[in-house]
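# A closer look at the structure
The lines below spell out each chain.
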Amino acid sequence: MYSNRVNNLSESITIAISTLARNLKAQGKDILSFSAGEPDFDTPKVIKEAAIKALNEGFTKYTAVAGIPELLQAIANKLKRENNLEYSPKEILVSNGAKHSLFNVFQALIDKDDEVIIPSPYWVTYPELVTYSGGKNIFIPTTQENQFKITPQQLKNALTSKTKALVLTTPSNPTGMVYSKSELQALSEVLKDTKVWIISDEMYEKLLYNGSFVSPASISEDMLQRTITINGLSKSVAMTGWRIGYLATKDTKLLKLMDNLQSQCTSNINSITQKASIAGLDGSADEDIEKMRLAFKERRDFAAERFNKIKGLSVSLPDGAFYLFINCSQIQKDSMQFCKDLLEKEGIAVVPGIGFGMDGYFRFSFATDLKTIEEGIRRIERFCHNA
């Protein structure tokens, strides 16, 4: 009765947990949610003012599918200035969030039985998009001891004649790990003389707490040609509800195919968002971004220290993003059961690691205020003590 494509899709576990927490809270229950991947900060004033200006000027009509010229140029300028990447506006496509950008990429690249390599743990949407596109997920497991990063040898072992793409996420959701330049160089050596694409999700690049961010496409000319760079403004500039994501690729034929696909699905993104986003890309909001980053760093340090003092739990200090990926296997290896019990007994919503492809862990978002984090950890500690 219904298509297999849709029947085979699973609901996003992060959205499901967040929705459940909101519903329970609406029923009057005392719920603290640490499940959403959303900054608690307001969108910077300079961005909102740009939106108001566009609205007052009547900028409310359809635009080109890929985005207005000034936004595409702002993205190209940003990629050059901050990432040392040379892309022209004609090599960029703006979509309704980075998730939409990823959907366009997988639909345009993946055919039946094509293999996509995904390091585990992974963001929940990647394997669903591969499955929807008819491809096959090839997971490379990582370990906490190895900072949740794949090694060149693991990548080499996973490559086959059917390998179409490798998904790289740095900084990572859910672990917060970040690949260094030397680590990316080592992975790039494995991919030389192959036709494997790299799908580089860089959504959390501005939320970095150690070192500097390195975009995979900046490693070499070979990497630039094979990499599709994905980014957006949801996390770094607190614009989740505005729905702005973008991708860049040197393959103009591929970009045209994705433009055609988007033209038949959603066409252009919100016109007001496009105008407002320029202020989030040209440096106007940099001071606000830095304030958010420092606040997240303070929360990270506080939460990680507290969690590592709880008997039965352990967490590595993440280098980026705003999540802690916490090992709870000494208390309960079944992460779904752990999270269900925690929500029922203590009113705490976190995301089970099994949703990210790694059981025995849970993801805790510190994208909320310190007082709420402190109370949440206090309840989790009580739950672990009574487990």
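Please read all numbers here as calculations on a predicted model, not as lab measurements. (Residues numbered from 1 in each chain as written. Predicted model: local features only at pLDDT ≥ 70, side-chain atom pairs only at ≥ 80, totals over all residues. Heavy atoms only, no water.)

## Looking at the packing of aromatic side chains
Scanning all chains against the criterion turns up 17 aromatic pairs. Summarising the aromatic geometry, the rings of Phe103 and Tyr132 are spaced 5.8 Å apart at their centres and angled 45° between planes, so their arrangement reads as tilted. Taken together, the positions of Phe103 in helix H5 (residues 98–109) and Tyr132 in helix H6 (residues 125–132) put the pair 29 residues apart, joining distant regions of the chain. Overall, Phe103 belongs to the partly exposed group, its relative accessible area being 24%. Here the aromatic rings of Tyr204 and Phe322 are separated by 5.5 Å at their centres, their planes lie at 80°, and the arrangement is edge-to-face. A residue pair is termed long-range when its members are at least 10 positions apart, and Tyr204 in the loop between strand E6 (197–201) and helix H9 (221–226) and Phe322 in the loop between helix H12 (286–307) and strand E9 (323–327) qualify at 118 residues. The two residues Tyr204 and Phe322 agree in class, both being buried. Three or more aromatic residues joined by ring pairs form one cluster here, namely Phe34, Phe307, Phe338, Phe362, Phe364 and Phe383. One residue, Lys275, lies across the ring of Phe59, its end atom 4.8 Å from the ring centre. (Phe/Tyr/Trp six-rings, centres within 6.5 Å; stacked < 30°, edge-to-face > 60°. Helix = DSSP H or I, 4+ residues; strand = E, 2+ residues; numbered from the N terminus. Buried < 20%, exposed > 50% of the residue type's maximum accessible area, 1.4 Å probe, protein only. Lys NZ or Arg CZ within 6 Å of the ring centre and 35° of its normal.)

## Re helix H8 (residues 181–191)
Every buried residue of H8 is accounted for by Leu184, Leu187, Ser188, Val190 and Leu191. The arc that holds the buried residues of H8, viewed along the axis, is 150°, so those residues lie on one side. In this structure, the buried residues of H8 make contact with helix H7 (152–158), strand E5 (163–169), E6 and H9. Directly after H8, the chain includes Asp193, whose backbone phi takes a positive value near 70°. (Arc of directions from axis to C-beta. Contact = heavy atoms within 4.5 Å.)

## Let's talk about the sheet that holds E9
The strand order across the open sheet built from three strands is E9-E12-E11, with neighbouring strands paired in antiparallel fashion. Each edge of the sheet is formed by a strand with only one pairing partner; in this case those strands are E9 and strand E11 (351–352). Here five bridges tie E9 to strand E12 (residues 361–365), and the two strands are oriented antiparallel to one another. In the strand pairing of E12, Ile326 is matched with Phe362. Along the sheet face, H12 touches E9 and E12 and points at about 10° away from the line of E9. (Pairing = 2+ DSSP bridges. Axes fitted to C-alpha atoms, helices over the stretch in contact; angles between N-to-C directions.)

Honestly, that's just the spatial picture; any functional story needs more than this.
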